[in-house]
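Residues per chain, in single letters:
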Amino acid sequence: MTGTKVLMNFEVTDTSHTLDAYLERGGYQTLEKVLKSMKPEDVTQAIVDSGIQGRGGAAFPAGRKWQGINPYDGQPHFLVANADEGEPGTFKDRWVLEHSPHTLLESMAIGAYSLAARHNFIYIRGEYDRPWRRLAAAVEEAYAAGYLGEGILGTDFATDIFVFRGAGSYVCGEASSLLGSIEGTRAYPRNRPPRMTVSGLFQSPTVVNNVETLSTISWIVNHGAEAFRATGSDASPGTRLLSVSGHVRRPGVYEVELGYPWGRLLHQDCGGIPGDRPIKAVIPGGISTPVVPAALAGIRTPDDLDGVLLDHDAVREAGSSMGSGGMIVIAEGTCMVRLLHIMLRFYHQESCGQCTPCREGTGWMHRIVERIVAGDGRPEDIERLYTISRANDGTTICGMGDAAGFATMGILDHFRDEFTYYIEHKRSRFEGNIECPGS
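Residues numbered from 1 in each chain as written. Predicted model: local features only at pLDDT ≥ 70, side-chain atom pairs only at ≥ 80, totals over all residues. Heavy atoms only, no water.

Participant: Describe the pattern of salt bridges, listing the residues and the values that go with them.
Facilitator: A complete count under the given rule lists 23 salt bridges for this structure. With a shortest N-O distance of 2.9 Å, glutamate 98 and arginine 130 are connected by a salt bridge. Of this pair, glutamate 98 sits in helix H5 (residues 92–99) while arginine 130 sits in helix H7 (residues 129–144), placing them 32 residues apart in sequence. The class for glutamate 98 is buried, based on a relative accessible area of 7%. The salt bridge involving aspartate 160 is made with arginine 118; its shortest N-O contact spans 2.5 Å. On the criterion of sequence distance, the pair formed by aspartate 160 in strand S3 (residues 160–165) and arginine 118 in the loop between helix H6 (101–115) and strand S2 (119–124) is long-range, its members being 42 residues apart. By relative accessible area, which is 28% here, arginine 118 ends up partly exposed. Within the structure, one salt-bridge network assembled from shared partners comprises Lys92, Asp93, Glu212 and Arg240. (Salt bridge = Lys/Arg side-chain N within 4 Å of Asp/Glu carboxyl O. Helix = DSSP H or I, 4+ residues; strand = E, 2+ residues; numbered from the N terminus. Buried < 20%, exposed > 50% of the residue type's maximum accessible area, 1.4 Å probe, protein only.)

In structure tokens:
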């Protein structure tokens, strides 16, 4: 590990989000370098060579996505930043929006140059009030200083960024739903193909990246793809913002190199578990990623400082994924039946209703687990949960129905005995506890 920080590399103060503070940190120098000495395709190639994978959940190579657009084809193109961070447990992009919004704006201007995007959008979650206020103020600062608009930095390059505030729907975090919301239509996920780089916003080629992915662009272009590849692991270069919550002493946003030891993050950086309890399990990338038992990952106690490494391949081998970077820590003594009950209530309420398996399946699963929690569970309920989860797999337009099933089967696979106990005894083995005992 080199200890490199790509984004969290300055002291956060009351004014560190302003343009003056960003300029003191060397801000917008990379944009000037790009506009005056690089061709659009040079920027895209740097992103390809860096090997950066999307930080929103799918881990798709960002450079390959950008290569889907020909900046010289004469069509209108759009670049959209997905700041609709609604996955439970995920709040890492909020850190960028609150503390370094100009990093995102500079990176988007660089991206707009590479993609020949005259108009760009930042779709921000409706509940994010302070991030929205700081971002909107940063956009005004950037226009006033000549970093956005016409004739940027004395060149003939022009681009605009619009901040679009969502209305608080989880499904709008799905890229194609987000585009529908901007267009003013119902925010339903769209079937693909065609890919959004072929037909996206207003039926034009569009790149949608999440905030962390885009914000990393200026660092990559400034320091070079080779420097970026020198951080992280061979298969997963770079750093990752992780929002850690749940049963840890120091929840918050952490930036670590991919390949960082998972146990070291939780037991040292995050201060361990209140009451010095062992870790029971961790949801590594937002509740849409399957839970990983701590014993399986080798991170159960403070003595387990290494265990599974935090990169895409290692977490996948442990049965889950890095997802959105929203890490939820679960201490021993937590009732996994109650936890699944809460998660399924979320999916049920947030299903947009477009696809029958998701609309009916999430509600059905929620009602079954609600019945178990009420002491009215039936022996066949566990297998029925598996059946509904499998029926959702691959049968919906977006990934929400799959995610609800993955989350359900992940908990059942590892903690089935708790469900059996709850059904047989009509009560929780852990008294329905979801708080951390001893905290």
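We are not done yet, so read on.
Participant: I'd love a proper account of the layout of surface pockets, names of residues and values included.
Facilitator: Roughly 1,500 Å³ of internal volume is contained in the largest pocket. The wall of the largest pocket is formed by 47 residues, among which Gly56, Gly57, Ala58, Gly173 and Glu174 lie closest to the centre. For the second largest pocket, the calculated volume is near 330 Å³. Contributing to the lining of the second largest pocket are 19 residues, with Asn9, Tyr22, Arg25, Ser218 and Trp219 lying nearest its centre. Only helix H2 (29–37), H6 and helix H10 (217–223) provide two or more residues apiece to the lining of the second largest pocket. (1 Å grid on protein atoms, 1.4 Å probe; cavity = no way out; pocket = protein on both sides within 12 Å on 5 of 7 lines; lining within 4 Å. Points joined across faces, edges and corners; volume = space filled by probe spheres on them.)

Participant: Tell me about the packing of helix H15 (residues 336–350) against helix H18 (residues 400–425), and name the residues and values.
Facilitator: With their axes 9 Å apart at the nearest point, H15 and H18 run at an angle of 155° to one another. One finds that H15 runs roughly antiparallel with respect to H18. Classified by chirality, the crossing of H18 by H15 is left-handed. Residue-level inspection shows Met336, Val337, Leu339, Leu340, Met343, Leu344, Tyr347 and Glu350 of H15 in contact with H18, the latter providing Met400, Ala403, Ala404, Ala407, Thr408, Ile411, Phe415, Glu418, Phe419 and Tyr422. Here the contact of H15 with H18 is built from residues that sort into 15 nonpolar, 1 polar and 2 charged. (Axes fitted to C-alpha atoms, helices over the stretch in contact; angles between N-to-C directions. Parallel < 35°, antiparallel > 145°, perpendicular 65-115°, else oblique. Left-handed = near helix turned anticlockwise from the far one by under 90°. Contact = heavy atoms within 4.5 Å. Nonpolar A, V, L, I, M, F, W, Y, C, P; charged D, E, K, R; others polar.)

Participant: Just give me the short version of unusual backbone geometry, but keep the residues and values in it.
Facilitator: Residue proline 193 is reached from arginine 192 by a cis peptide bond, and omega for that bond is 5°. Cis geometry marks the peptide bond from proline 193 to proline 194; its omega dihedral reads 5°. Along the chain, proline 194 turns up in the loop between helix H8 (175–183) and strand S4 (206–210). Not every positive phi belongs to a glycine, and alanine 59 is a case in point at roughly 60°. Its location among the elements puts alanine 59 in the loop between helix H3 (40–50) and helix H4 (62–66). One non-glycine residue, phenylalanine 202, lies in the positive phi region at around 50°. Structurally, phenylalanine 202 is set in the loop between H8 and S4. For phenylalanine 202, a relative accessible area of 41% gives the class partly exposed.

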